[in-house]
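Analysis of the macromolecular model
Each chain, letter by letter, is given below.
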Amino acid sequence: LQDIAVKVASTDTSSVGNIAALLAEIAAQLEQLLSKGTSSLIDLKGLPLSPHEYEQLRFTLGQGEVTARLEAIGPSEIVETQFPGVWWVTHYNVEGDIIADIIEIARIPSLLQSQAEDMQAGLARLQSMLKVQA
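What you are looking at is a predicted structure, and each value in this text was computed from that prediction instead of being measured. Numbers given for residues are sequential positions, taken from 1 along each chain in its written order. Whole-chain, interface and lining totals are the exception, using all residues; otherwise, since this is a predicted model, local features are given only for residues with pLDDT of at least 70 and side-chain atom pairs are given and counted only at 80 or more. In computing side-chain values, all of the structure's heavy atoms are included and hydrogens and water are not.

**Things to note about the nonpolar core**
- The biggest cluster of nonpolar side chains holds 14 residues, and the ones touching the most others in it are Ile26, Leu44, Leu57 and Ile103.
- Mapped onto this core, the elements with two or more residues apiece are helix H1 (17-36), helix H2 (51-61), strand E4 (86-92) and strand E5 (98-105).
- At four residues, the largest contribution of residues to this core is made by H1.
- Residue contacts are counted whenever heavy atoms from the two residues lie within 4.5 Å of one another. Ignoring any residue separated from it by four or fewer positions in sequence, one finds isoleucine 103 in contact with Ile26, Ser40, Leu41, Ile42, Leu44, Leu61, Val86, Trp87 and Trp88.
- Residues grouped as a nonpolar core are buried Ala, Val, Leu, Ile, Met, Phe, Trp, Tyr and Cys residues, joined through side-chain atoms within 4.5 Å. Working definition: with a 1.4 Å probe on protein chains only, accessible area under 20% of the residue-type maximum means buried, over 50% means exposed, and in between means partly exposed. Formed by six residues, the second largest nonpolar core is a distinct cluster that contains Ile78, Trp87, Ala100 and Ile102. Strands here mean DSSP runs of E at least two residues long; helices mean DSSP runs of H or I at least four residues long; both are numbered from the N terminus.

**Section: H2**
- The complete set of buried residues in H2 reads Glu53, Tyr54, Leu57 and Leu61. Seen along its axis, H2 keeps its buried residues to an arc of 105°; they face one direction. Opposite the buried face of H2, by more than 90 degrees, sit the exposed residues Pro51 and Phe59.
- Where H2 is buried, its residues contact H1, E4 and E5.
- A positive backbone phi angle near 65° is found at glycine 62, which sits one or two residues after H2. This arc is taken over the directions from the axis of the helix to the C-beta atoms.

This is the structure:
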């Protein structure tokens, strides 16, 4: 019997240590955004969260009034939490697997901000359209 490997799986899902620390970090970063205008990211896939803690975090942050969905290499979903300035950003591959799960603390998520090059190209198209109509 001593040669048989035994693995004990814990069924205790009451751990809140990781969540409390993560919420404190989110609060500190939100304070930095308000006082200094500094945006920040927390990569959830890089954290040792159990499935229970992950769901607990999602429940605690909740959902606010704004959601956006983008289609690029794969779909991306941006959800404002119940705390304005705290966004849950999830990127999927074309198969629907989560490839990035991020909490972004920002006035507006960087993914939704227009890039200068894109705006320049859009301006050029608009100016060309105005010339044709003139």
